[in-house]
There are 4 protein chains.
Amino acid sequence: MPKMTPDEIEDFMKKAFPQARMPTEIEELRDGFVRLRIGVTDRYLRPGGTVSGPALMAIADTAMYYLLLGMIGPVALALTTNLNINFLRAPKLADIIAEAEMLKLGKRLAVGQVTIYSDGSDGPVAHATVTYSIPSDAMRSAKPSE
Amino acid sequence: MPKMTPDEIEDFMKKAFPQARMPTEIEELRDGFVRLRIGVTDRYLRPGGTVSGPALMAIADTAMYYLLLGMIGPVALALTTNLNINFLRAPKLADIIAEAEMLKLGKRLAVGQVTIYSDGSDGPVAHATVTYSIPSDAMRSAKPSE
Amino acid sequence: MPKMTPDEIEDFMKKAFPQARMPTEIEELRDGFVRLRIGVTDRYLRPGGTVSGPALMAIADTAMYYLLLGMIGPVALALTTNLNINFLRAPKLADIIAEAEMLKLGKRLAVGQVTIYSDGSDGPVAHATVTYSIPSDAMRSAKPSE
Amino acid sequence: MPKMTPDEIEDFMKKAFPQARMPTEIEELRDGFVRLRIGVTDRYLRPGGTVSGPALMAIADTAMYYLLLGMIGPVALALTTNLNINFLRAPKLADIIAEAEMLKLGKRLAVGQVTIYSDGSDGPVAHATVTYSIPSDAMRSAKPSE
């Protein structure tokens, strides 16, 4: 059972990263899984009308962070240690859907995979695996921001 | 619909790679998916009784190759260009189950993910993404070995 | 010998990606190598005062693209197919230095590595390997914008 | 200054992994760097006469492990957590040279890159980045086997 609700995660993100403006919406959150919808706005565009590679990398990293927050609670200091992404198809000019699935939640490392789609399209536009390092006292102190 | 049956793939592998001795069995093959079972034998062991990392990497590479054979037919010259693997849990002394899923089958590159389990255990022991380069005439000439 | 000068690359980037505003400066360009300096501005900051992970990923991707432009000339349609990054140390609030080295420039794929530093610090803050897919007619038609 | 000599590393490997038979020779070992030579034997061959991809992955993993042993002393329980490899050129039928460089040696994670060559050839045949997880008490207890 998640340790934070979607609303708690979005509140936490706004306070912890006030300048981050990625327009995310949590569509589903359950143990080991989160689905985000990201509205496509001009700043993600590039010539040819596709969402840029760096935007997709930021989305993969964000989706995994949301999933980690949902599963261990508000740990601002969890850090990405590795991200591997394959770009598969050109995104369409539609909302981006990112689905993150936890592969392992250990004491020191969390590893997940993120599959990214254009809304309404067949086949993923990108697939990433992401590893986060978890601070050594996070598993003890983390709890929902009640 | 697969272009080769499990038996055709195993025959092809024996002829193309006679010295490869990985004891694989194709448990399921359908469009975009293959599941292999690999019997654990002494030569994969390492201290602590777990299947070695290099053996898991070879298994990930092999599972993706089997899936590619199933989808495009016998193309001996397809080459791995990138493999990224996360080791998640210590394998048990049980058969290894590898499930490969195609993420994109393009004209020049095929990208898939492989999730590797110990038979009977919860949670994967490793997860890999694998990219194969497809020879430029393979999509034209490849056909089942009828 | 590079096919584009630093000035030609920066002009090409401004025309091809007018909305990209990463403040890059090419410090050195030679066959198989480029060094970029990226001024740190507010929009890259995150809590704790470090350059964000997504900014480092964008820098790695950009450095490899600049190197590719320098080696094959203006090919707007080269696309990133894979990026793998390890985050090693927290960046300081200093300029970012990115050094890209070509590992292989083939007809279809270019693979390079990018090592990213904080100016004046010991040890890299991140290391990436990046693969670009090259359009099939690029090696014939590409030439400097004379 | 390395904590183990090449001879100590090779002795340690023979005792810790008696069934591993990779014919390695440490050509150079200094702080943050090791160069291995691996004699090519029949069991690494594949059709076309090249060293197999799985053999190159095992070599990358081994080179990084040797480097870690050299830098922190005999820690049998260090585990690979991530390996990313790009295959660049077909190896020749010549000895394999693997050069491992430490990118970061932290308390919990060690990240390095390994560049693999065919002896006498231009350009690497493969490039890998490898992450090892270090047991939490390894940095205290590790010392050379005096």
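Source: prediction; values computed, not measured. (Residues numbered from 1 in each chain as written. Chains lettered and ligands numbered in written order. Predicted model: local features only at pLDDT ≥ 70, side-chain atom pairs only at ≥ 80, totals over all residues. Heavy atoms only, no water.)

Looking at the overall build of chain A
Looking only at helices and strands, chain A features 3 helices and 8 strands. Across the 146 residues of chain A, 57% fall into the buried class. A separation threshold of at least 6 residues defines the contact pool for chain A, and within that pool the share at least 24 residues apart is 65%. With an accessible surface of roughly 6,300 Å², chain A has 51% of that area assigned to carbon and sulfur atoms. (Helix = DSSP H or I, 4+ residues; strand = E, 2+ residues; numbered from the N terminus. Buried < 20%, exposed > 50% of the residue type's maximum accessible area, 1.4 Å probe, protein only. Contact = heavy atoms within 4.5 Å. Areas by Shrake-Rupley, 256 points an atom, 1.4 Å probe, with all protein chains shown as cover.)

A word on the packing of aromatic side chains
To describe a pair of aromatic rings, you give the distance between the ring centres and the angle between the ring planes. Residues and elements named next belong to chain A. Inspection of the entire model under this criterion finds 4 aromatic pairs over all chains. Ring centres of Tyr65 and Tyr132 lie 5.6 Å apart, and the angle between their planes is 25°; on these two criteria the pair is classed as stacked. Taken together, the residues span a long stretch of sequence, with Tyr65 in helix H2 (residues 53-72) and Tyr132 in strand E8 (residues 126-133) at a distance of 67 residues. (Phe/Tyr/Trp six-rings, centres within 6.5 Å; stacked < 30°, edge-to-face > 60°.)

Overview of the pattern of salt bridges
All names here are of chain A. Counted by the stated rule, this structure contains 24 salt bridges over all chains. The residue Arg30 makes a salt bridge to Glu28 at a minimum N-O spacing of 2.7 Å. Taking the relative accessible area as the measure of exposure, Glu28 reaches 25% and is therefore partly exposed. A single network of salt bridges, built from pairs that share partners, joins Glu27, Arg37, Asp95 and Asp119. (Salt bridge = Lys/Arg side-chain N within 4 Å of Asp/Glu carboxyl O.)

Here's the deal with the sheet that holds strand E8 (residues 126-133) of chain D
An order of E1(B)-E2(B)-E6(B)-E7(B)-E8(B)-E5(B)-E5(D)-E8(D)-E7(D)-E6(D)-E2(D)-E1(D) is seen for the 12 strands of this open sheet, with the pairing classed as antiparallel. Edge strands, defined here as strands with exactly one partner in the open sheet, are strand E1 (24-30) of chain B together with strand E1 (24-30) of chain D. Neighbouring strand axes in the sheet, compared pairwise and without regard to direction, differ in orientation by 20° on average. Relative to strand E6 (residues 96-105) of chain B, helix H2 (residues 53-72) of chain B is tilted by about 50°, and along the sheet it contacts E1, strand E2 (33-38), strand E5 (79-87), E6, strand E7 (109-118) and strand E8 (126-133) of chain B together with strand E5 (79-87) of chain D. (Pairing = 2+ DSSP bridges. Axes fitted to C-alpha atoms, helices over the stretch in contact; angles between N-to-C directions.)

Concerning the interface of chain A and chain B
In this assembly, 12 residues from chain A lie in contact with 12 residues from chain B. Both faces combined, the contact of chain A with chain B buries some 1,200 Å², and carbon together with sulfur accounts for 52% of it. Between chain A and chain B we count 0 salt bridges in total. Connecting chain A to chain B are 7 residue pairs in polar contact (both at pLDDT 80 or more). (Buried area = accessible area lost by both parts, 1.4 Å probe. Polar contact = N/O pair within 3.5 Å; in protein donor to acceptor, adjacent residues only side chain to side chain.)

Let's talk about the relation of the copies chain A and chain B
With an RMSD of 0.0 Å, the fit of chain A onto chain B corresponds to turning through 180° and sliding 0.0 Å along the axis. Put plainly, the chains are arranged around a two-fold axis. Every residue of chain A has its C-alpha some distance from the rotation axis, and the shortest such distance is that of Asn84(A), at 3.8 Å. Comparing interface residues between copies, 100% of those in chain A also sit at the interface in chain B, which points to an isologous, same-surface contact. (Least-squares fit on C-alpha atoms with pLDDT ≥ 70 in both.)

Some details on the pairing of strand E2 (residues 33-38) of chain A
Residues and elements named next belong to chain A. Most of E2 sits out of view: 5 of its 6 residues are buried. Direction of pairing for strand E1 (residues 24-30) relative to E2: antiparallel, over a ladder of 6 bridges. Along E2, the bridge assignment pairs Ile26 with Leu36. In sequence, E1 turns back onto E2 through a hairpin of 2 residues, with Gly32 there showing a positive phi of about 85°. As judged from the 6 bridges shared by E2 and strand E6 (residues 96-105), these two strands associate in the antiparallel manner. Pairing of Arg37 across the sheet is with Ile97, part of E6.

Considerations on the sheet that holds E6(A)
Spatial ordering of the open sheet is given by E1(A)-E2(A)-E6(A)-E7(A)-E8(A)-E5(A)-E5(C)-E8(C)-E7(C)-E6(C)-E2(C)-E1(C), a layout of 12 strands whose pairing is antiparallel. Pairing within the sheet leaves two strands with one partner each, and these edge strands are E1 of chain A together with strand E1 (24-30) of chain C. Direction aside, the axes of adjacent strands within the sheet are offset by 20° on average. Docked against the sheet, helix H2 (residues 53-72) of chain C engages strand E5 (79-87) of chain A together with E1, strand E2 (33-38), strand E5 (79-87), strand E6 (96-105), strand E7 (109-118) and strand E8 (126-133) of chain C, running at close to 50° with respect to E6(C).

Thoughts on the packing of helix H1 (residues 6-16) of chain B against H2(B)
Each pair of packed helices can be summarised by the angle the axes make with each other and by the distance between the axes. Residue and element names in this part refer to chain B. In the contact formed by H1 and H2, the axes pass within 10 Å of each other and the chain directions differ by 120°. In this view, H1 runs oblique relative to H2, as classed from their interaxial angle. H2 is crossed by H1, and the crossing has right-handed handedness. Each of Ile9, Phe12 and Met13 in H1 lies in contact with H2, whose residues at this interface are Tyr65, Tyr66, Leu69 and Gly70. Among the residues making up the contact of H1 with H2, the classes are represented as 6 nonpolar, 1 polar and no charged. (Parallel < 35°, antiparallel > 145°, perpendicular 65-115°, else oblique. Left-handed = near helix turned anticlockwise from the far one by under 90°. Nonpolar A, V, L, I, M, F, W, Y, C, P; charged D, E, K, R; others polar.)

Some thoughts on the side chain of Arg37(D)
Of note, Arg37(D) is situated in strand E2 (residues 33-38). Excluding anything up to four places from it in sequence, Arg37(D) contacts Pro23(D), Thr24(D), Glu25(D), Glu27(D), Asp95(D), Ile96(D), Ile97(D) and Asp119(D).

Observations regarding H1(B)
All names here are of chain B. Within H1 the residues assigned to the buried category are Ile9, Glu10, Phe12, Met13 and Ala16. Buried residues of H1, seen end-on, are gathered within an arc of 160° and therefore sit on one face of the element. Exposed side of H1, more than 90 degrees from the buried face: Asp7, Lys14 and Lys15 are the residues found there. Looking at the buried positions of H1, the neighbouring elements they touch are E1 and H2. (Arc of directions from axis to C-beta.)

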